[in-house]
Amino acid sequence: MTIERADVICTSPGRNFVTLKIVTSDGVVGWGDATLNGRELAVASYLADHVASTLIGGDEDRIEDTWQYLYRGPYWRRGPVTMAAIAAVDMALWDIKAKKLGVPLYQLLGGASRDGIRVYGHASGADYAALKDAVSGYLEEGYTAVRVQAGVPGLGQIYGVAGNKPGTRYDYEPAHRAPDGSPATRPTEESWDTPAYLAFMPEIFGHLREDFGSGLRILHDGHHRMSPIEAARFAKDVEPHRLFWLEDCTPGEDQSALRLVRSHSTTPLAVGEVFNSVYDYQTLITERLIDYVRSSVTHAGGITAMKKLLDFAAIYGVKSGMHGPTDVSPVGMAAALHLDLAIHNFGIQEYMPHNETTLEVFQTSYTFDRGFLHPGDATGLGVELDEKSAAHFDYTKAYLPVNRLMDGTVHDW
Ligand code: GCO
Ligand code: MG
């Protein structure tokens, strides 16, 4: 059989998503996630204008060959736009293959290596009292791992700190539209002060250990905002509180900078949500400078590429900790869950549940039970996009925020 259609669907059920639909000549449909938060239309164009016509008439069963064709063929390599586009094609082809064989995708990846996938939720609070409430809420829902972010005295709204009322837990996450819901014209801006953060944040972990004991897995995201020496100090200061991981303590593309952090602390390090290829990890993995690989299937070239990256990491004792924000669509999330279930070197999975509107458009079969996810046993990825419902939600331009230091200098965020 051959690939008959490859259509790109941009929709905004609560937030923007780019989805690729591949249809074979015998009517099998495969779905792929190509969402790149805040830069969605660049990937949509890459797929619709440069990739789709090259797929038509091709053999949908040749997944590896198609991956290499899209990666090596165009000469220009890597980058988030290209790799999200390749990822979407790759996911859709795996979805089709598993559907044709009548099995859930994880069976083609070696079968289940575990019964459930431990996930972490996002707890945050403008102050410690609010954070403590948020953590307690997650524990009541059965979570065994939480990422904690807290407001820093003297700073306003910062990344990762949301309201904790029902329905506002993840308010910081979607890229921003204009306040009235219309398309945004420019990003909002936040301000940041690393010395204030370094002085304040470590004691938060001390309070958490006092209140919740040593069993809770505590994660924290530095969101690329520290310099190597600041990160080394932070990782050393928080060492007594035994974090599960410290994420993106520095901008990770400077791979050798992590040597400095590593040489000062045994706090486990997680890096890679902005990476898009195994080569971004070469030094980090071979020198054992990190403990967890943070890429998502959507941003790192699909299931084919992630499986190779995670197998490479396994040789060096590095585990998975795949990115799972709401800007990875339910299709991308399902792809992660099938891999999580199958690989041996699974570490943890990030889980930010999508809102009800998103889940009306994307019909999922993965399940959550007391802190663990399972991809389900529907054939393929187990997610179907309802195109009629998607058509009600027009793509609406939105931007991630920009971060500035107190003196106005643009900073990493
Ligand atoms: C995380 C992330 C996200 C990113 C977002 C950007 O650890 O989940 O840092 O929240 O900020 O994916 O689009
Ligand atoms: Mg992160």
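Here, every reference points to the structure presented above.
Presented here is an overview of the structure given in this document. Each chain carries its own residue numbering, running from 1 in the written order of its sequence. Whichever chain is written first is A, and whichever ligand is written first is 1; the rest continue in order. Predicted model: local features are reported for residues with pLDDT of at least 70 only, side-chain atom pairs are reported and counted for 80 or more only, and whole-chain, interface and lining totals are derived from all residues. Note that water and hydrogens are dropped before the side-chain values are worked out from all heavy atoms of the structure.

**Thoughts on the overall build of the chain**
In step 1: Only runs of H or I of at least four residues qualify as helices and only runs of E of at least two qualify as strands under DSSP, and these elements are numbered from the N terminus. Regarding its fold elements, the chain presents 13 helices and 18 strands.
In step 2: Rg of the C-alpha trace for the chain: 21 Å, near the compact-globule value of 22 Å for 413 residues, within the 12% margin.
In step 3: Along the longest, intermediate and shortest principal axes, the C-alpha atoms of the chain span 60 × 50 × 45 Å.
In step 4: Excluding contacts between residues fewer than 6 apart, the proportion of contacts in the chain whose partners are at least 24 apart in sequence is 73%. For the radius of gyration, the atom set is restricted to C-alpha positions; the globular benchmark scales as 2.2 Å times the number of residues to the power 0.38. In this description, contact between two residues means that some pair of their heavy atoms is separated by no more than 4.5 Å.

**Section: the nonpolar core**
In step 1: Each nonpolar core is a collection of buried residues, namely Ala, Val, Leu, Ile, Met, Phe, Trp, Tyr and Cys, held together in the definition by side-chain atoms within 4.5 Å. The buried label applies to any residue whose accessible area, calculated with a 1.4 Å probe on protein chains only, is under 20% of its type's maximum; exposed applies above 50%, and partly exposed to all values in between. Ranked by internal contacts, the top residues of the largest apolar core, which has 119 residues, are Ile-22 and Leu-208.
In step 2: A total of 13 residues in this core trace back to one element, the largest contributor, which is helix 3 (residues 80-101).
In step 3: Every residue in contact with Leu-208, bar those within four places of it in the chain, is listed here: Tyr-128, Leu-131, Val-135, Val-148, Gly-213 and Ile-218.

**Digging into the sheet that holds strand 18 (residues 410-411)**
In step 1: Ordered by their spatial adjacency, three strands build an open sheet running 6-17-18, and the pairing between neighbours is mixed. Every interior strand has two partners, whereas the edge strands, strand 6 (189-192) and strand 18, have only one.
In step 2: With two bridges joining them, strand 17 (residues 402-405) and strand 18 adopt antiparallel strand pairing. Within strand 18, the residue paired with Arg-404 across the bridge is Val-410. A pair of strands is considered paired only if DSSP assigns at least 2 bridges between the two.

**Notes on the pattern of salt bridges**
In step 1: By salt bridge we mean one thing: a side-chain nitrogen of Lys or Arg within 4 Å of a carboxyl oxygen of Asp or Glu. In total, this model carries 20 salt bridges according to the counting rule given.
In step 2: When the shortest N-O distance is used, the salt bridge between Arg-78 and Asp-280 registers 2.8 Å. Of the two residues, Arg-78 is situated in the loop between helix 2 (63-72) and helix 3 and Asp-280 in the loop between strand 9 (269-271) and helix 9 (282-286); the sequence distance between them amounts to 202 residues.
In step 3: Exposure remark for Asp-280: the relative accessible area of 15% places this residue in the buried category.
In step 4: Across the salt bridge formed by Glu-247 and Arg-294, the nearest N and O atoms sit 3.0 Å from each other. Separated by 47 residues along the polypeptide, Glu-247 in strand 8 (residues 245-247) and Arg-294 in the loop between strand 10 (292-293) and helix 10 (302-315) bring together distant segments of the chain.
In step 5: A relative accessible area of 0% places Arg-294 in the buried class.
In step 6: Through salt bridges with shared partners, a single network forms among Glu-60, Asp-61, Lys-97 and Lys-100.

**Side note on the packing of aromatic side chains**
Two measures describe an aromatic ring pair: the distance that separates the ring centres and the angle between the ring planes.
In step 1: Here a pair means two rings of Phe, Tyr or Trp (six-membered ring of Trp) with centres within 6.5 Å. Their orientation is stacked below 30 degrees between planes, edge-to-face above 60, and tilted elsewhere. Within the structure shown, the criterion is met by 15 aromatic pairs.
In step 2: Between Phe-205 and Phe-234, the ring centres sit 6.5 Å apart and the planes meet at 75°, which makes this aromatic pair edge-to-face. Taken together, the residues Phe-205 in helix 6 (residues 194-212) and Phe-234 in helix 7 (residues 228-237) connect sequence positions 29 residues apart.
In step 3: By relative accessible area, which is 0% here, Phe-205 ends up buried.
In step 4: Note on Phe-234: relative accessible area 0%, which makes it buried.

**Thoughts on the environment of Gln-149**
In step 1: Its location among the elements puts Gln-149 in strand 5 (residues 145-150).
In step 2: For Gln-149, a relative accessible area of 3% translates into the label buried.
In step 3: Setting aside anything within four residues of it in sequence, one finds Gln-149 in contact with Ala-123, Ser-124, Gly-125, Leu-131, Gly-160, Val-161, His-220 and Asp-221.
In step 4: Polar side-chain contacts of Gln-149 include one of 2.8 Å to the backbone nitrogen of Asp-221. Polar contacts here mean pairs of N or O atoms no more than 3.5 Å apart (in protein, one a potential hydrogen donor and the other a potential acceptor; neighbouring residues in sequence count only if both atoms are side-chain atoms).

**Overview of the sheet that holds strand 2 (residues 17-24)**
In step 1: In space, the three strands of this open sheet follow the order 1-2-3, with antiparallel pairing throughout. At either margin of the open sheet sits one strand with a lone partner, and together these are strand 1 (3-11) and strand 3 (29-33). Averaged over all pairs of adjacent strands, the angle between strand axes in this sheet comes to 20°, irrespective of strand direction.
In step 2: Of the strands in this sheet, strand 1 and strand 2 touch helix 1 (residues 40-55), which is tilted by about 170° from strand 1. Interaxial angle, 0 to 180 degrees, is taken between N-to-C directions of lines fitted to C-alpha atoms, where a helix line uses only the stretch in contact.

**A look at the environment of Ala-378**
In step 1: The residue Ala-378 is located in the loop between strand 15 (372-374) and strand 16 (383-385) in this model.
In step 2: As a C-alpha pair, Ala-378 and Ala-199 span 179 residues in sequence and 49 Å in three-dimensional space.
In step 3: Leaving out residues up to four positions away in the same chain, Ala-378 has contacts with Val-103, Pro-104 and Ser-365.

**Considerations on helix 6**
In step 1: By definition here, a helix of n residues has an expected span of 1.5 Å times n minus one. Compared with the 27 Å implied by 1.5 Å per residue over 19 residues, the 27 Å span of helix 6 between its first and last C-alpha is a close match.
In step 2: Taken residue by residue, helix 6 has Thr-194, Tyr-197, Leu-198, Phe-200, Met-201, Pro-202, Ile-204, Phe-205, Gly-206, Leu-208, Arg-209 and Phe-212 as its buried positions.
In step 3: Trailing helix 6 by a residue or two, Gly-213 shows a phi angle of about 80°, which is positive.

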